[in-house]
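# Breakdown of the fold
Spelled out from the first residue to the last, the chains are:
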Amino acid sequence: MRSAGDDLGPGLAANLAHVGTWIVTDGKAGDENQCIGLAETLGLDFEIHRVAPRPPFGWLAPWGPIDPRDRPGLRGGALAGPFPEIVIASGRRAVPYLRAIRKASKGRTFTAFLKDPRTGQDTADFIWVPDYDDLRGPNVFTTLTAPHQVTAARLAAARRSPDPRLVRLPGPRVAVLIGGDSRHLSYRSADMKRLLARLTKLADGGSSLMLTVSRRTPPPLRTALQRLVAEKGGFFWDGSGANPYVSLLALADAIVVTSDSANMVGEAVSSGAPVLLFDLPKTYIRHRRLFAGLAMVGALKPFTGRLEELHYTPLDATPAIAEAMARAYIEHRAGLAPASRP
């Protein structure tokens, strides 16, 4: 875990170290990981509250009311217990819960939201959105990449004590990060064949593939990737043993990542290794803006089945987001009457 002093000035760190915090999401890994990365950077003492509003309340989010069974303070509800000093939330189903905490605490609890809540800048005291989103305001902070947990310290530690499953592989080692189907994007048979052909070309050229897949990865693609590694050599994480994700990034000479996950692309560029993007049809136009920005700074190129030489400074916006949130929290505290402070 990061400590606040690792990335922030001592004054900011002292104001946030061990401050009681709730992370509120509906459990989506991408949303939750962003919140955890930010909380860890700030050194917050956080606990995770996952919400699961019943119909129709989940359908009505982010504009509708909170599920009554979860109203703040209700025993057994998702928001039971004394209010924390800080709430960090993400995901549309979490928006009504954030609003409910803000109202019930009479504005004393500092609220932060990651990504556009779709309900305006007044939804939270502090909002982070990626540069490619349109929301702007005095309490809105933007960066090119999202917050995450792949810190420089963790990458350095993985290089100092490399995963024995990976370090034995001959170079060049290529990390391959595979996403999967979502509400808006599905892997077609043609996409899977194209990806397999390009990875086979890379392996035939002498690269060692280090593969990890998502829970969303289509089973036929997962099976074909396992077969590819069995035939060509390399590493495929089947879920057994320690998760090698940070080690994959730390030891990679290049990283191939699929375009369905902006989070994985953001984590990949924190390594400093060349990032090669496998483009999928129906990729979000907003994500394409992110990829264009990363290409402009020399961090990313399309994946065509061969390695590319790219040189750039590793990109990690998490410390900058954390500092902006810390300053907003300090300002919020200063504006509270002494008797009303949590």
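Residues numbered from 1 in each chain as written. Predicted model: local features only at pLDDT ≥ 70, side-chain atom pairs only at ≥ 80, totals over all residues. Heavy atoms only, no water.

What follows concerns the sheet that holds strand E2 (residues 45–50). Spatially, the six strands line up as an open sheet ordered E2-E1-E3-E4-E5-E6, and their pairing is parallel. Edge positions in the open sheet fall to E2 and strand E6 (140–143), since each of these has one partner strand only. For this sheet, the mean inter-axis angle between neighbouring strands, taken without regard to orientation, is 20°. Where strand E4 (residues 110–114) and strand E5 (residues 126–130) come together, three bridges link them in parallel fashion. Residue pairing in the sheet places Ala112 in a bridge with Phe126 of E5. (Pairing = 2+ DSSP bridges. Helix = DSSP H or I, 4+ residues; strand = E, 2+ residues; numbered from the N terminus. Axes fitted to C-alpha atoms, helices over the stretch in contact; angles between N-to-C directions.)

Let us now look at the pattern of salt bridges. Counting across every chain of the model gives 20 salt bridges. Of the charged contacts in the structure, one is a salt bridge between Asp133 and Arg286, with a shortest N-O distance of 3.1 Å. With Asp133 in the loop between E5 and E6 and Arg286 in helix H12 (residues 285–296), this pair connects stretches of sequence that are 153 residues apart. According to the relative accessible area criterion, Arg286 is partly exposed, its value standing at 27%. A salt bridge links Glu308 to Arg306; the nearest nitrogen and oxygen atoms lie 3.3 Å apart. Taken together, the salt bridges that share partners define one network made up of Asp26, Lys28 and Arg93. (Salt bridge = Lys/Arg side-chain N within 4 Å of Asp/Glu carboxyl O. Buried < 20%, exposed > 50% of the residue type's maximum accessible area, 1.4 Å probe, protein only.)

Attention now goes to the sheet that holds strand E11 (residues 275–278). Taken in spatial order, the six strands make up an open sheet running E9-E8-E7-E10-E11-E12, and their pairing is parallel. Of all strands in the sheet, those with a lone pairing partner are strand E9 (235–236) and strand E12 (300–302), marking the two edges. Across five bridges, the pairing between strand E7 (residues 173–177) and strand E8 (residues 208–212) is parallel. Its bridge partner being in E8, Val176 is matched across the sheet by Leu211. The sheet strands contacting helix H8 (residues 189–204) are E7, E8, strand E10 (254–258) and E11, and the helix crosses E11 at an angle near 150°. (Contact = heavy atoms within 4.5 Å.)

Another aspect to go through is helix H5 (residues 95–104). When H5 is considered as a whole, its buried residues turn out to be Val95, Pro96, Tyr97, Leu98, Ala100 and Ile101. Tucked into the core, H5 has its buried residues touching strand E1 (20–25), strand E3 (86–90) and E4. After H5 finishes, the residue Lys106 shows a positive phi value of roughly 55°.

Across all of its chains, the model carries one aromatic pair by this definition. Taken together, a centroid distance of 5.7 Å and an interplanar angle of 85° make the contact between Phe110 and Tyr329 edge-to-face. Taken as a pair, Phe110 in strand E4 and Tyr329 in helix H13 (residues 318–334) lie far apart in primary sequence, 219 residues in all. With a relative accessible area of 3%, Tyr329 lands in the buried category. One Lys or Arg, Arg286, reaches over the ring of Tyr284 and ends 5.2 Å from the middle of that ring. (Phe/Tyr/Trp six-rings, centres within 6.5 Å; stacked < 30°, edge-to-face > 60°. Lys NZ or Arg CZ within 6 Å of the ring centre and 35° of its normal.)

Take the pairing of E11 next. Covered by surrounding structure in E11 are Val275 and Leu277 together with Leu276 and Phe278, the residues of both alternating faces. What joins E10 to E11 is helix H11 (residues 262–268), and the crossover it makes is right-handed. Two strands pair when backbone bridges link them, and E11 and E12 are joined in this way by three bridges, in the parallel orientation. Following the sheet pairing, Val275 is matched in E12 by Leu300. For the segment spanning E11, H12 and E12, crossover handedness is right-handed. (Right-handed = clockwise from strand over helix to strand, strands pointing away.)

Chain-level statistics for the chain give a pLDDT mean of 93 and a share of 94% at 70 or above. Low pLDDT (under 50) marks residues 1–6, which in the prediction has 20 contacts with non-local residues, meaning those over four places away or in another chain. (pLDDT = per-residue confidence, 0-100.)

Before going further, it helps to spend a moment on the side chain of Ser261. If you trace the backbone, Ser261 turns up in the loop between E10 and H11. A distance of 3.0 Å separates a polar side-chain atom of Ser261 from the backbone nitrogen of Met264. (Polar contact = N/O pair within 3.5 Å; in protein donor to acceptor, adjacent residues only side chain to side chain.)

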